[in-house]
Amino acid sequence: MTEPTLFTKIIRGDIPSSAVAQGSTWYAFLDINPLRPGHTLVVPKEEARRIAELSTESRRDLMDGVVEVQRRLSIEFNTTDFSVNLNDGPLAGQEVPHVHFHVIPRTDGNSSNPMWRMTPHQSEPDFEALAALSQKLQLH
Ligand code: AMP
């Protein structure tokens, strides 16, 4: 039996996460090392490495998840604009082998894609800030 991915463990609740929203086939939670405040990951509950390997239902629903996350983030961060990025496989920079969209609210007017900036990860995630933002976003 293969080991479940990190994101499957998060979906099952075996590893804690800061929830943003969920549907029947997808789950959204805050990235532990945000490139910008509100950086959210939207993942299918079905485990697959690449979007082409997903069932049609999961693949279609995933975009509804992205839009629902945008709706919530737009209220919290007072913006209509987002960077939405998916690294589809390891050669594209995918670190966790489970399909995931990065949804990042943009408020700074800087058009460069934050995913292309080499940002060193924080040494220690700010779990308190993530939990507080998660609570607010789940109410929107
Ligand atoms: P990628 O490089 O596209 O595979 O993105 C993986 C993302 O997962 C990175 O932005 C990480 O910060 C994020 N990440 C890794 N572990 C966790 C975790 N336990 N909870 C939330 N996000 C995570």
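Look up: the structure comes first, before these words.
Since we're looking at a predicted model, the values are computed, not measured.

1. Some words on the site of the ligand
Asp31, Asn87, Glu95, His100 and His102 are the nearest of the 17 residues found near the ligand. Separating an oxygen atom of the ligand from a side-chain N or O atom of His100 is a distance of 2.9 Å. One of the side-chain nitrogen or oxygen atoms of His102 is found 2.8 Å away from an oxygen atom of the ligand. In isolation the ligand has 510 Å² of accessible area, and contact with the protein removes 86% of it. Elements that contribute at least two residues to the shell around the ligand include exactly helix 1 (6-12) and strand 2 (26-30). Broken down by element, the shell around the ligand gets its largest block of residues, three residues, from helix 1. For the shell around the ligand, the per-class residue count stands at eight nonpolar, seven polar and two charged.

2. Section: unusual backbone geometry
In this structure, Asn78 takes a positive phi of about 50 degrees despite not being glycine. Counting through the fold element by element, Asn78 comes out in the loop between helix 2 (56-77) and strand 4 (82-85). By relative accessible area, Asn78 is classed as exposed at 71%.

3. Considerations on the sheet that holds strand 5 (residues 101-105)
The five strands lie next to each other as 1-2-3-5-4, forming an open sheet whose pairing is antiparallel. Taken across any chain shown, the strands that pair with only one partner, and hence form the sheet edges, are strand 1 (19-22) and strand 4. Shown here is a sheet whose adjacent strand axes are inclined to one another by a mean of 20 degrees, direction ignored. As judged from the five bridges shared by strand 2 and strand 3 (residues 40-44), these two strands associate in the antiparallel manner. Bridged to Tyr27 within strand 3 is Val43.

The rules behind these values
Residues numbered from 1 in each chain as written. Predicted model: local features only at pLDDT ≥ 70, side-chain atom pairs only at ≥ 80, totals over all residues. Heavy atoms only, no water. Near = heavy atom within 4 Å. Polar contact = N/O pair within 3.5 Å; in protein donor to acceptor, adjacent residues only side chain to side chain. Areas by Shrake-Rupley, 256 points an atom, 1.4 Å probe, with all protein chains shown as cover. Helix = DSSP H or I, 4+ residues; strand = E, 2+ residues; numbered from the N terminus. Nonpolar A, V, L, I, M, F, W, Y, C, P; charged D, E, K, R; others polar. Buried < 20%, exposed > 50% of the residue type's maximum accessible area, 1.4 Å probe, protein only. Pairing = 2+ DSSP bridges. Axes fitted to C-alpha atoms, helices over the stretch in contact; angles between N-to-C directions.

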